[in-house]
Amino acid sequence: MTLWEVDIYAAEGQPDIVAAQIVGDAADMGLAEGVEVRTARGYLVDGDLDLEQIQRLGARLLADTVVESTVIGQVGAAELNESPIAGGQVVHVLPKPGVMDPVALSAKKAMTDLGAAAREVRTLRKYWINGADADTLDTLCDRLLANDSIEQV
């Protein structure tokens, strides 16, 4: 079994709408003026899949390749942690264990329908934040990036 991570970003030249919303909300709340944010959404896929198979799933099923781009690798690979902004700190947000993840369940079903041997699928969100000290970053996580009832940072 291999644990793959598929990160999905706004494609070059496309706006990162989620990042713009976070920056605006942070400024409105007085949390962080001048903070810089980039975002990605993604999937963790555990199964008997090789790189070619997971790349095909990323392009055909998980991402809209017209407006999105993907970075795919085994969990822990260096390319998955490269910041799209200089000096950005990465924050991962995932559903807590036991919390329903309907997007992941739908993705797993679609993978199975396409003949892919995915044993488990989970969704994730990634945020790269620059210009926030540790206390501000904690506050951003608590108030804007994750719902503590159902998500873990």
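All of these numbers come straight from a predicted model, not from anything done at the bench. Throughout, a residue's number is its position along its own chain's written sequence, starting from 1. Note on the predicted model: pLDDT of at least 70 is required for a residue's local features to be given, and 80 or more for side-chain atom pairs to be given and counted; whole-chain, interface and lining totals, by contrast, use all residues. Only hydrogens and water are set aside when side-chain values are computed; all heavy atoms of the structure are taken into account.

(A) View of the sheet that holds strand 5 (residues 118–130). Criterion used throughout: strands pair if DSSP finds at least two bridges between them. Helix and strand definitions follow DSSP, with helices as H or I runs of at least four residues and strands as E runs of at least two, each counted in order from the N terminus. Taken in spatial order, the six strands make up an open sheet running 3-1-2-5-4-6, and their pairing is antiparallel. Here the strands that pair on one side only, and so sit at the sheet edges, are strand 3 (68–74) and strand 6 (151–152). By the bridge criterion, seven bridges tie strand 1 (residues 2–10) to strand 3 in an arrangement that is antiparallel. Along strand 3, the bridge assignment pairs Tyr 9 with Ser 69. Sheet contacts for helix 1 (residues 17–28): strand 2 (36–47) and strand 5; angle to strand 2, the most-contacted strand, approximately 130°. Note on contacts: a residue pair qualifies if any of its non-hydrogen atoms lie within 4.5 Å across the two residues. Fitted lines through C-alpha atoms give the axes, limited to the stretch in contact for helices. The angle between two N-to-C directions lies from 0 to 180 degrees. Most of the contacts of helix 4 (residues 102–113) go to strand 5, to which it runs at about 130°, and overall it touches strand 2 and strand 5.

(B) Inspection of the side chain of Thr 136 at higher detail. In this fold, Thr 136 is placed in helix 5 (residues 134–145). Leaving out residues up to four positions away in the same chain, Thr 136 has contacts with Leu 31 and Ala 32.

(C) Seen up close, the side chain of Asp 101. Summarising the element assignment, Asp 101 is placed in the loop between strand 4 (89–95) and helix 4. Exposure is judged per residue with a 1.4 Å probe applied to protein chains only, and the accessible area is read against the type maximum: over 50% gives exposed, under 20% gives buried, and values in between give partly exposed. Only four residue types enter the tally: Lys and Arg on the positive side, Asp and Glu on the negative side, with His and both chain ends excluded. We define a salt bridge as a side-chain nitrogen of Lys or Arg found within 4 Å of a carboxyl oxygen belonging to Asp or Glu. It is Arg 122 that comes nearest to the buried, bridge-free Asp 101 among opposite-charge side chains, at 4.6 Å. Residue contacts for Asp 101: discarding those within four places in its chain leaves Pro 95, Arg 122 and Thr 123.

(D) Spatial organisation of a negative patch on the surface. Note that patches include only residues with greater than 30% relative accessible area and no salt bridge, and the join distances are 9 Å for like charges and 5 Å for nonpolar side chains (Val, Leu, Ile, Met, Phe, Trp, Tyr). Computed with a 1.4 Å probe, the accessible areas rest on the Shrake-Rupley method; for each residue, only the protein chains presented here act as cover. Charged side chains are reduced to one point each, which is NZ for Lys, CZ for Arg, CG for Asp and CD for Glu. Judged by side-chain charge, Asp 133, Asp 135, Asp 138 and Asp 142 come together as a negatively charged surface patch. One can find Asp 133 in the loop between strand 5 and helix 5.

(E) Geometry of the packing of helix 2 (residues 51–62) against helix 4. Two elements in contact, helix 2 and helix 4, have axes whose closest approach is 11 Å; the angle formed by their N-to-C orientations is 115°. When the axis of helix 2 is compared with that of helix 4, the two are roughly perpendicular. Crossing hand, helix 2 versus helix 4: right-handed. Contacts between helix 2 and helix 4 involve Leu 57, Leu 61 and Leu 62 from the first element and Ala 107, Ala 110 and Met 111 from the second. Any residue outside Ala, Val, Leu, Ile, Met, Phe, Trp, Tyr, Cys, Pro, Asp, Glu, Lys and Arg is labelled polar, Gly included; the first ten of those are nonpolar and the last four are charged. For the contact of helix 2 with helix 4, a count of residues per class yields six nonpolar, no polar and no charged. Here roughly perpendicular refers to angles of 65 to 115 degrees, roughly parallel to angles under 35, roughly antiparallel to angles over 145, and oblique to all remaining angles. Crossings are classed by handedness, with left-handed meaning an anticlockwise turn of the near helix from the far one by less than a right angle and right-handed meaning a clockwise turn.

(F) Structural context of the packing of helix 1 against helix 5. With their axes 11 Å apart at the nearest point, helix 1 and helix 5 run at an angle of 110° to one another. Considering their axes alone, helix 1 and helix 5 lie roughly perpendicular with respect to each other. Residues Ile 22, Asp 25 and Ala 26 of helix 1 touch helix 5, and the partners they reach there are Leu 140, Leu 144 and Leu 145. Across the contact of helix 1 with helix 5, the residue classes break down as five nonpolar, no polar and one charged.

(G) Structural detail: the pattern of salt bridges. Enumeration over the complete set of coordinates arrives at nine salt bridges. Among the salt bridges present, the one from Glu 36 reaches Arg 38, with a minimum N-O distance of 3.6 Å. Note that Asp 148 is salt-bridged to Lys 96, the shortest N-O span being 3.8 Å. With a gap of 52 residues between them, Asp 148 in the loop between helix 5 and strand 6 and Lys 96 in the loop between strand 4 and helix 4 connect regions that are remote in the sequence. Take Asp 148: its relative accessible area is 59%, and that puts it in the exposed class.

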